[in-house]
Amino acid sequence: MTYRLVVNGEPAEVGVPGMRRLLDVLREDLGLTGTKEGCGEGECGACTVLVDGEVVVSCLVPVCQVDGSVVRTVEGLAVAGGSALAPLQAAFLEAGGAQCGICTPGMLMAADAFLAAGAEPTDDAIRGAIAGNLCRCTGYTKIVDAIRLAAERRQAGAGAA
Amino acid sequence: MTIQAPAGRPAAPTPGHATPLPLRREGPAKLTGQALYTDDLVFPGAWYGATIRSTVPHARLLAIELDPAFDWGRVAVVTADDIAGRNVVASIAEDQPILVPVGGEIRHQAEPVVLLAAADRDTLREARRLVSLRTEPLPPVFDPLASTVVFAHHALVKGDVEAALAADGVVVVEATYRVGHQEQLYIENNAMIAIPRGDGGMTVHGSLQCPFYVHRALRTGLGLDDAHAQVVQAETGGGFGGKEEYPSMIALHAALLARRTGRPVRMIYDRHEDLAATTKRHPAVIRHRTGVRRDGTIVAQDIELVLDGGAYTTLTPVVLSRATIHAGGPYDVPNVRIRSRAVATNTPPNGAFRGFGAPQAEFAAEMQVGRCAEAIGMSPLEIRRRNAYRAAGVTPTGQVLHDDAAALEVLERAAEASEFDWVRARTAAERAGRGPRARTARGIGLALGWHGAGFTGSGEAKMGSVASIELTGDGRIRILTASTEMGQGTKTIFPQLVAAELGVDPDDVEMAPQDTSLVPDSGPTVASRTAMVVGGLLVHAARRLKADVEGRTGRPFELSWRDDARDHGPTRIDERFSPYPGRSFDDATYSGDAYPAFGWAAAVAEVEVDLDTAEVTVLSVVAVDDVGRAIHPVLCEGQVEGGTLQAVGYATIEEIKLVDGRYLNDRLQTYLIPTSLDAPRIETILVEAPFEDAPHGAKGVGELPMDVGAPAVVAAIHDATGAWIDDLPASPERIIAALAGIAPPGPPGMSTVSAP
């Protein structure tokens, strides 16, 4: 079966069984290894991507369910043709939000959806937005700091514009 | 975040403090998805490997049976008969086989017996189901107190404990504490890929902490010389001790299959296998008998500590050593007796996990100090003030502490930042006025801890680690060490330290990859030793390089290194560890300087306990850690925050349950770790009481916060409810049992036996 997706703005076509996990399609068929597998059962959130703007764990999504969808992965976050970090990524780098980095791609996608939704970046709201993404390194403190920093910069930028 | 110079000590400039701080070196690669972890590496033609494990805790292996209906020509099968070298996973003792041979003894569930590889996952999955093991059961041992197989034991004696306990005016407090397993739960599972080489050698790429441990294991198991075994660290998604020893086993398995197939073989564990088979924190049973006078002076500690090592020795003797030395906590007590042993049970081997025996021992020590305070009607803060080590204090191994003994400083900072006395008075008033309709209870708890920096005893002297700096012929400055980056910041602080010595920008200093064919053996990345020991070697090496270059050019290094490289060619400095002056340990008498220095930590936790469900919410933790020198405060704080949350998980929810020696909750749906919603607000205060013999003053930070978080949380549960919880984790079941005055659920970490 052939499935058509738009991945990070680029059209992609894969001929694979319909029950193949979106995670495997991304990592193995499209070579986008930025999305990670941590548990394979939807508990850790390392494989989080955005499908039509929604946060999903790609290890639980068969590719047949996302035929025709727009998928965003960590590889699609950088700006200026991929040459510069997006403000969210820069905030993670400055605040110390990434340590071992294995949860980072999924964490960034959950955070990106949170920023896009434009909610008030309170501590509770941020923690709720990343509650499905486990991190074992940071105690979440600096991840929350990074997302708040990115949200505040975004609001300041929007205010100035 | 605050960094505070300890009281009474001038604030010295911190070597390596650049303004602004360098950003995480490999951060951009991690943030864009470009960083390559083991499972991201592509080797064309690679096969997939799998491990067939025992499913019984103790048995004789009679036969390995392959279903004759299957076409085994499509699959590579490796058994113990195919091992060219010695069938041992090289470690402290050589008791653990790479694969159990037919006729051999299976000592735990999940013990590797057969290896399979196939070109695709479907074939592999099918083949796995068609291998069966014929075994003859042997009686298993699950109770560590009943085990007669002793891996190691110690006895530390100072003064006369029995006389002190019997003296007039001494209140004797007794209790037994039990802690269970804890899983490291790095989010990247263990993973190794072995690539056979044309010259008969083997290259392994993998997720690991200690390249030269794996290197030695490959040499031993495959019968290779140094040059024919090569180990390369891939980007590593967390370790916490869990990738200290088991990677040797997985690398051997991948390499045996690679040798058999002549192809690269990928051995990538899924979460279930990683949880079921790899090492955990040791369960422990710790009995305390403490004598305390009414004025708060602790006069005697009698401690008996038993660690459950699981089925094989692994690193257990060293874990026991650290547990033993830390067992009394950071208190200067004149009469101490610590008797300890580590024993075998028929459960998967336990191993390294952040803290390495100290968190178990210090949980018990801190709960016991809290009990003593209650017994004499003193505040938990005051009893610690009275007994905490000061400079010139003498530890049970006879180590005399130096001026950097910062126990009181971290204690006072934590008490002040958390408003401990004020909050505790409030929680006491709430408790006193609590009616039967109260649904929640708040409490505050305090813990004080210490953590020996670097290897225990003569470990560093024996290891003789080497770290190198190279000025290449084309004018690049390159650091060569085996110290791995697994998120803690090695790749950022090493260039930062070297650049500060050389007067160059950190970006001018490169890091060579952690590849055993390129870098010297600077020891394993464990024991909070990377910043202190290897970082210290690099500072010395940088000073020598600078002197060499400036001696030749007559100009400052930062202005002349490129010219020097062009005119004089490459310069390489190899700096080998030599013991810190005046510090020595005698293994025979188990006495002397057990560690070059100690780091000191205090934590204050506030909790809310649901009085209906006994569920605990940890609201906040103030963590104060003396790290000697905070080379990179942002990364340093990250270590404290992460370690603190692991300790909160250890205190409240992380538990492995076993039946017949098998872990029951061997999936992420059932082994829970804290999420962002479970995590308390963590306030970190870094204290800098420098280690005078390290050129940069650093003592290490990785493990320190792990020692104090759990006892602080459980003390807070006691403050909220009045119940003492002696077993970890302080689960709702245990809290309810304590409140109801009934027997708690079975001891943590000990397997039950299924009904026949």
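Residues numbered from 1 in each chain as written. Chains lettered and ligands numbered in written order. Predicted model: local features only at pLDDT ≥ 70, side-chain atom pairs only at ≥ 80, totals over all residues. Heavy atoms only, no water.

Student: I'm lost on the interface of chain A and chain B in this one. Help?
Tutor: Many authors give the size of an interface as the accessible area that is lost as the parts come together. Counting residues at the interface gives 43 residues for chain A, matched by 53 residues for chain B. Overall, the association of chain A and chain B removes approximately 3,800 Å² of surface from exposure, summing both partners, and the carbon and sulfur fraction of that is 56%. Of all residues in chain A, the largest losses of buried area upon contact with chain B belong to L93(A), Q99(A) and R136(A), amounting jointly to 21% of the total for that side. The tally of links between chain A and chain B comes to 10 salt bridges. With its nearest N and O atoms 3.2 Å apart, the salt bridge here joins K142(A) to E641(B). Applying the counting criterion to the chain A and chain B interface returns 29 residue pairs in polar contact (both at pLDDT 80 or more). (Contact = heavy atoms within 4.5 Å. Buried area = accessible area lost by both parts, 1.4 Å probe. Salt bridge = Lys/Arg side-chain N within 4 Å of Asp/Glu carboxyl O. Polar contact = N/O pair within 3.5 Å; in protein donor to acceptor, adjacent residues only side chain to side chain.)

Student: What exactly am I supposed to notice about the domain arrangement of chain A here?
Tutor: All names here are of chain A. Domain annotation for chain A reports domain 1 (2-76) and domain 2 (87-160). Each of domain 1 and domain 2 was reduced to a C-alpha centroid, and the two centroids are 21 Å apart. With both chains or domains summed, domain 1 and domain 2 bury close to 990 Å², and 64% of this area falls on carbon and sulfur atoms. Applying the counting rule to domain 1 against domain 2 returns 1 salt bridge. The partner of D112 in a salt bridge is R72, with the nearest N and O atoms 2.7 Å apart. Counting across the interface, domain 1 meets domain 2 through 4 residue pairs in polar contact (both at pLDDT 80 or more). Considering only residue class, the side of domain 1 that touches domain 2 consists of 6 nonpolar, 5 polar and 3 charged. (Domains from an automatic or database assignment. Nonpolar A, V, L, I, M, F, W, Y, C, P; charged D, E, K, R; others polar.)

Student: Sorry, what's going on with the packing of helix α2 (residues 87-95) of chain A against helix α3 (residues 104-117) of chain A here?
Tutor: The description of two helices packed together rests on the angle between their axes and the distance between the axes. Residues and elements named next belong to chain A. Look at α2 against α3: their axes get within 10 Å of each other, and the N-to-C directions meet at 125°. The orientation of α2 with respect to α3, classified from their angle, is oblique. Crossing of α2 over α3 shows right-handed handedness. Of α3, the residues touching α2 (which contributes L88, Q89 and F92) are M107, L108, A111, D112 and L115. (Axes fitted to C-alpha atoms, helices over the stretch in contact; angles between N-to-C directions. Helix = DSSP H or I, 4+ residues; strand = E, 2+ residues; numbered from the N terminus. Parallel < 35°, antiparallel > 145°, perpendicular 65-115°, else oblique. Left-handed = near helix turned anticlockwise from the far one by under 90°.)

Student: How should the nonpolar core be read in this particular structure?
Tutor: Counting residues in each nonpolar core, the largest one holds 152 residues, and the members touching the most others are F92(A), I147(A), W600(B), V607(B) and I717(B). A total of 10 residues in this core trace back to one element, the largest contributor, which is helix α17 (residues 704-721) of chain B. For V607(B), the residues in contact, after removing those within four places along its chain, are A441(B), R442(B), G443(B), V616(B), T617(B), V618(B), L619(B), V713(B), A716(B), I717(B) and A720(B). Core analysis: the next-biggest nonpolar cluster, separate from the first, contains 38 residues, V504(B), V509(B), A542(B) and W561(B) among them. (Core = buried A, V, L, I, M, F, W, Y, C linked by side-chain atoms within 4.5 Å. Buried < 20%, exposed > 50% of the residue type's maximum accessible area, 1.4 Å probe, protein only.)

Student: Just to check I follow, could you spell out the packing of aromatic side chains for this structure?
Tutor: The way to describe two aromatic rings as a pair is by their centre distance and the angle between their planes. Residue and element names in this part refer to chain B. As enumerated under the stated definition, the model contains 13 aromatic pairs over all chains in all. Between F598 and W600, the ring centres sit 6.0 Å apart and the planes meet at 45°, which makes this aromatic pair tilted. Exposure class is identical for F598 and W600. Each is buried. Ring-pair connections join several aromatic residues into one group, and the members of that group are Y389, W450, Y595, F598 and W600. Taking the ring centre of Y650 as reference, the NZ or CZ of R281 above it sits at 5.1 Å. (Phe/Tyr/Trp six-rings, centres within 6.5 Å; stacked < 30°, edge-to-face > 60°. Lys NZ or Arg CZ within 6 Å of the ring centre and 35° of its normal.)

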